[in-house]
Amino acid sequence: MTLLCTPLEALHKELGAKMVPFAGYDMPLQYSAGIIREHVHTRQAAGLFDVSHMGQLIIEGSGSAAMLESLMPVDIEGLANNGLTYALFTNEQGGVLDDLIVTRLSKEKFFLVVNAGCKAQDIAHLRAHLSGQTLTVLEQHALLALQGPAAREVMRALCPGAAELLFMQGCSGVIDGVKVYITCSGYTGEDGFEISVPDGAAVDVARRLLSDQRVEAVGLGARDSLRLEAGLCLHGHELTSEIDPVQ
């Protein structure tokens, strides 16, 4: 099978990454420092993760909030603009199909980030339940995650407005002239930000972040160990179609 590549593929190799297949993509497992060093650095300073393999979707149109609420046991109607919520797609039996983050961009426009391994399934699931809304897959956008106790100060130097975000809030911003959308929903147990950026600018933004001495590139290995240490669920393990949200 031919693996897909994220826009940061060449940068990963330049940084000495060990690349492995993951969810159909060629992804960095670790860099030369190793998983333990990357894990500890994220806990002490800031780690930069390439999560461009994940699905970025826009749902918009009349009734979008109600449609999304029919697919997940979450209060979507009550979300403020630029507010985020953790959500779960469930099947008819209540089992978890995927976990995701939903951001309300405006009254009837929502930004969804879904897991890479469930991306095709989630898109088909959404399309099967559209009732006049439109679904757009942001195929030309990368996603970077900056995680760790130093992440907020790093962000303050690049996009001061984003540095003021509270947990589970988002905003539009500009980093070195590039228009981005930034959320604050760290998935490592640390404070942090996710940056949705056009493919063509992804490497420049990543290099800008890595130019700060507090930031190091981190791969999938440390991502998993950080999530395990923080007690966060992982789809396919603690979340499956046989496990419901209450469980």
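For the structure itself, look to the data block above.
Residues numbered from 1 in each chain as written. Predicted model: local features only at pLDDT ≥ 70, side-chain atom pairs only at ≥ 80, totals over all residues. Heavy atoms only, no water.

Q: Give a detailed account of the overall build of the protein, specifying residues and quantitative values.
A: Broken down by element type, the protein carries 8 helices and 14 strands. Scaling as 2.2 N^0.38, a compact globule of 247 residues should have a C-alpha radius of gyration of about 18 Å, and the protein matches this with 17 Å. Each principal axis of the C-alpha distribution contributes one length, and for the protein these read about 45 × 35 × 35 Å. Out of the 247 residues belonging to the protein, those deemed buried represent 53%. (Helix = DSSP H or I, 4+ residues; strand = E, 2+ residues; numbered from the N terminus. Rg over C-alpha atoms; globule rule 2.2 N^0.38 Å. Buried < 20%, exposed > 50% of the residue type's maximum accessible area, 1.4 Å probe, protein only.)

Q: Give me the side chain of Glu-194: which residues, what numbers.
A: Relative to the elements of secondary structure, Glu-194 occurs in strand S13 (residues 192–198). Arg-227 provides the closest opposite charge to the buried, salt-bridge-free Glu-194, at an N-O distance of 9.4 Å. A polar side-chain atom of Glu-194 sits 3.2 Å from a polar atom in the side chain of Gln-147. Here the side chain of Glu-194 touches Thr-183 through a polar contact of 2.8 Å, side chain to side chain. Once residues lying within four places of it in the same chain are set aside, the contact partners of Glu-194 are Leu-143, Leu-144, Ala-145, Gln-147, Tyr-181, Ile-182, Thr-183, Cys-184, Ser-185 and Gly-186. (Lys, Arg positive; Asp, Glu negative; His and termini not counted. Salt bridge = Lys/Arg side-chain N within 4 Å of Asp/Glu carboxyl O. Polar contact = N/O pair within 3.5 Å; in protein donor to acceptor, adjacent residues only side chain to side chain. Contact = heavy atoms within 4.5 Å.)

Q: Can you break down the packing of helix H2 (residues 35–44) against helix H8 (residues 220–230) residue by residue, with the values?
A: At a minimum axis distance of 8 Å, the contact between H2 and H8 shows a crossing angle of 55°. With respect to each other, H2 and H8 are oriented oblique. Judged by the twist between their axes, the crossing of H2 over H8 is right-handed. Together, Ile-35, Glu-38, His-39, Thr-42 and Arg-43 of H2 and Gly-221, Ala-222, Ser-225, Leu-226, Glu-229 and Ala-230 of H8 make up the contact between the two elements. Looking at the contact of H2 with H8 residue by residue, the class counts come to 4 nonpolar, 4 polar and 3 charged. (Axes fitted to C-alpha atoms, helices over the stretch in contact; angles between N-to-C directions. Parallel < 35°, antiparallel > 145°, perpendicular 65-115°, else oblique. Left-handed = near helix turned anticlockwise from the far one by under 90°. Nonpolar A, V, L, I, M, F, W, Y, C, P; charged D, E, K, R; others polar.)

Q: Explain the sheet that holds strand S12 (residues 178–183) to me, and be specific about the residues and the numbers.
A: Taken in spatial order, the 6 strands make up an open sheet running S11-S12-S13-S10-S4-S14, and their pairing is mixed. Edge positions in the sheet fall to strand S11 (170–175) and strand S14 (215–217), since each of these pairs with one other strand and no more. Averaged over neighbouring strand pairs, the angle between their axes works out to 30° when direction is ignored. Relative to S13, strand S10 (residues 141–147) is paired through 7 bridges, and the arrangement is antiparallel. (Pairing = 2+ DSSP bridges.)

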